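This is what each chain is made of:
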Amino acid sequence: AGGTAPVESGFFSQTHNKFFGFQMGLDGQLWSNGWAKLDGSINAGVFHNQIFVGAQAENVDQEWEPDATAFISTFQLTLVLPADPVNFRFGYQGAYLGNMALPVSQSRERSIVQGTGIDATDDIWYHGFLFGIEWTR
């Protein structure tokens, strides 16, 4: 029995960032009153970003492999309250990633059907509050 092959529909995309480089940072106690303490850390890195982007739409399949220099920085500020046998940690943390290949950027800046556009990179910022419980024994 003959039939027709199914036709692919929709848009499919894969984006991978591979980093090769170095990172340095500082980590320490910023304040203490003998009971509670305030810890902080900051890190920064420079990396060679080996990017892979693959996209398919309506039986069109394309791949790009641009390279970029990526920047990554993280920070954390944490108040530590001891309550034997645990410590409670309350704080704020953030991460900045620069020159990253993001799926939304690739979709916005490149037409895979026509094969035109640019290899776009963007910056992204993640941040938020943190809560942790640390076992001390």
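Here, every reference points to the structure presented above.
So, how was this worked out
- Every chain begins its residue count from 1, and numbering advances along the sequence as written.
- A pLDDT threshold of at least 70 governs which residues receive local features in this predicted model, and a stricter bar of 80 or more applies before side-chain atom pairs are shown or counted, although totals over entire chains, interfaces and linings include all residues.
- Hydrogens and waters are ignored; side-chain quantities use all the structure's heavy atoms.
- The way it works is that DSSP assigns letters per residue, a run of H or I at least four long becomes a helix, a run of E at least two long becomes a strand, and they are numbered from the N terminus.
- Think of it in three bands: residues with accessible area under 20% of the maximum for their type are buried, residues over 50% are exposed, and the middle band is partly exposed, with areas taken using a 1.4 Å probe on protein chains only.
- Here, two residues are considered to be in contact whenever any of their heavy atoms come within 4.5 Å of each other.
- For two strands to be treated as a pair, DSSP must find at least two bridges joining them.

Quick notes on the environment of Leu81
Turning to its location among the elements, Leu81 is positioned in strand 4 (residues 67-83). Leu81 gets classed as partly exposed once you look at its relative accessible area, which sits at 23%. Among residues more than four places away in sequence, those in contact with Leu81 are Trp35, Ala36, Val86, Asn87, Phe88 and Phe90.

Side note on the pairing of strand 5 (residues 86-100)
Here is the key point about a regular strand: its side chains alternate between the two faces of the sheet. Relative to strand 5, strand 4 runs antiparallel, the two being bridged by 13 bridges. Residue pairing across strands places Thr74 opposite Ala95, the latter belonging to strand 5. In this structure, the hairpin formed by strand 4 and strand 5 is closed by a connection of 2 residues. Bridge count between strand 5 and strand 8 (residues 122-135): 13 bridges; the pairing is antiparallel. Bridge pairing links Tyr92 to Phe129 in strand 8.

The analysis is restricted to geometry; functional conclusions fall outside its scope.
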